[in-house]
Amino acid sequence: MNRPAVLITGAAKRIGAEIARRFDSAGWHVIIHYGNSATEAEALVAELASAEAIHCDLADTDAAVAMIVSLAKRLPDWRALINSASIFRYDDATNLDRSTYNRSMIINAKTPARMAQAYLAHAIAPGGRRVIHVTDQKLENSNPDFFSYTMSKHALNATIEMLRDGAASAQDRVYGVAPGAILASHDQTDDETDASHVLNLLERKTDASEIADAMLFLTEGHLASGETLFIDSGQHLLNQPRDVIYLARGDQ
């Protein structure tokens, strides 16, 4: 296999699948991680020129680390790990739900952080390795909604500079990509999705392809390690009192 490899978590569907297609078109070997989407993952593998699917429950952090170590043993040029998978469940600042909090912190923060540590300890990439965490524009534009989810993304974001500083090689890079509203989420209708996706500074819909392009730029470009790109048409520069799901409904 002459292609550089990239592992993308949660790549069977939605934004993860868009990222997978973009890397495949750029000549990469794409490893599609999935949790409960085996059918979609295998269909995407069949669609791409060079890809494979791998299953792991990210709620099992030790299993996720073992997956990283196993892949590192057989990939000669594993150039990038993209932690895209996450769960998005509702609770709010007045009522933290214990189950939502525990799963959010494990799947959205603890597991990707430990995967990044294992990747930087074991993966081989002669030209340098890249870790990219998908965070959220909520890092700069907070509101009381999706309280545990937002906490978990802040926790993941905190690892970016620490992983950068702890990287063994000066060639390694650790980044964040912070999307805004991209696809329908939670319990949105189509009309609500269309309305919510233009609630940003530029009043335009941010396309999933823009996230994929940013990912490819970070793996092939020369941005300083530790940086985060906000791909949200300026949403993070606003001060929105609630999540755009509810603003689009007129809920204040």
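Here the structure is shown first, and the text comes after it.
Structural notes, computed from the coordinates. (Residues numbered from 1 in each chain as written. Predicted model: local features only at pLDDT ≥ 70, side-chain atom pairs only at ≥ 80, totals over all residues. Heavy atoms only, no water.)

1. With respect to the side chain of Asn141
Point 1. Along the chain, Asn141 turns up in the loop between strand E5 (130-134) and helix H5 (147-166).
Point 2. Looking at Asn141, its side chain comes within polar contact range of the side chain of Gln240, at 2.7 Å.
Point 3. Apart from residues no more than four positions distant in its own chain, Asn141 is found in contact with Gln235, His236, Leu238, Asn239 and Gln240. (Helix = DSSP H or I, 4+ residues; strand = E, 2+ residues; numbered from the N terminus. Polar contact = N/O pair within 3.5 Å; in protein donor to acceptor, adjacent residues only side chain to side chain. Contact = heavy atoms within 4.5 Å.)

2. With respect to the sheet that holds strand E1 (residues 5-8)
Within a sheet, neighbouring strands are paired by backbone hydrogen bonds and run either parallel or antiparallel to one another.
Point 1. Taken in spatial order, the seven strands of this open sheet run E3-E2-E1-E4-E5-E6-E7, and their pairing is parallel. Each edge of the sheet is formed by a strand with only one pairing partner; in this case those strands are strand E3 (51-55) and strand E7 (228-231). Across the sheet, the mean angle from the axis of one strand to that of its neighbour is 20°, orientation sign disregarded.
Point 2. In this structure, strand E4 (residues 78-83) lies alongside E5, joined through four bridges in parallel fashion. Residue Ile82 lies in a different strand from E5, and its bridge partner there is Ile132. (Pairing = 2+ DSSP bridges. Axes fitted to C-alpha atoms, helices over the stretch in contact; angles between N-to-C directions.)

3. Concerning the packing of helix H3 (residues 61-74) against helix H4 (residues 98-122)
Point 1. Between H3 and H4, whose axes approach to 9 Å, the crossing angle comes to 25°. One element, H3, and the other, H4, form an angle in the roughly parallel class. For the crossing formed where H3 meets H4, the hand is right-handed. Listed contacts from H4 to Thr61, Asp62, Ala64, Val65, Met67, Ile68, Val69 and Ala72 of H3 are Ile106, Lys110, Thr111, Arg114, Met115, Ala118, Tyr119 and His122.
Point 2. Residue composition of the contact of H3 with H4, by class: 10 nonpolar, three polar and three charged. (Parallel < 35°, antiparallel > 145°, perpendicular 65-115°, else oblique. Left-handed = near helix turned anticlockwise from the far one by under 90°. Nonpolar A, V, L, I, M, F, W, Y, C, P; charged D, E, K, R; others polar.)

No statement about biological role is implied by the geometric values presented.
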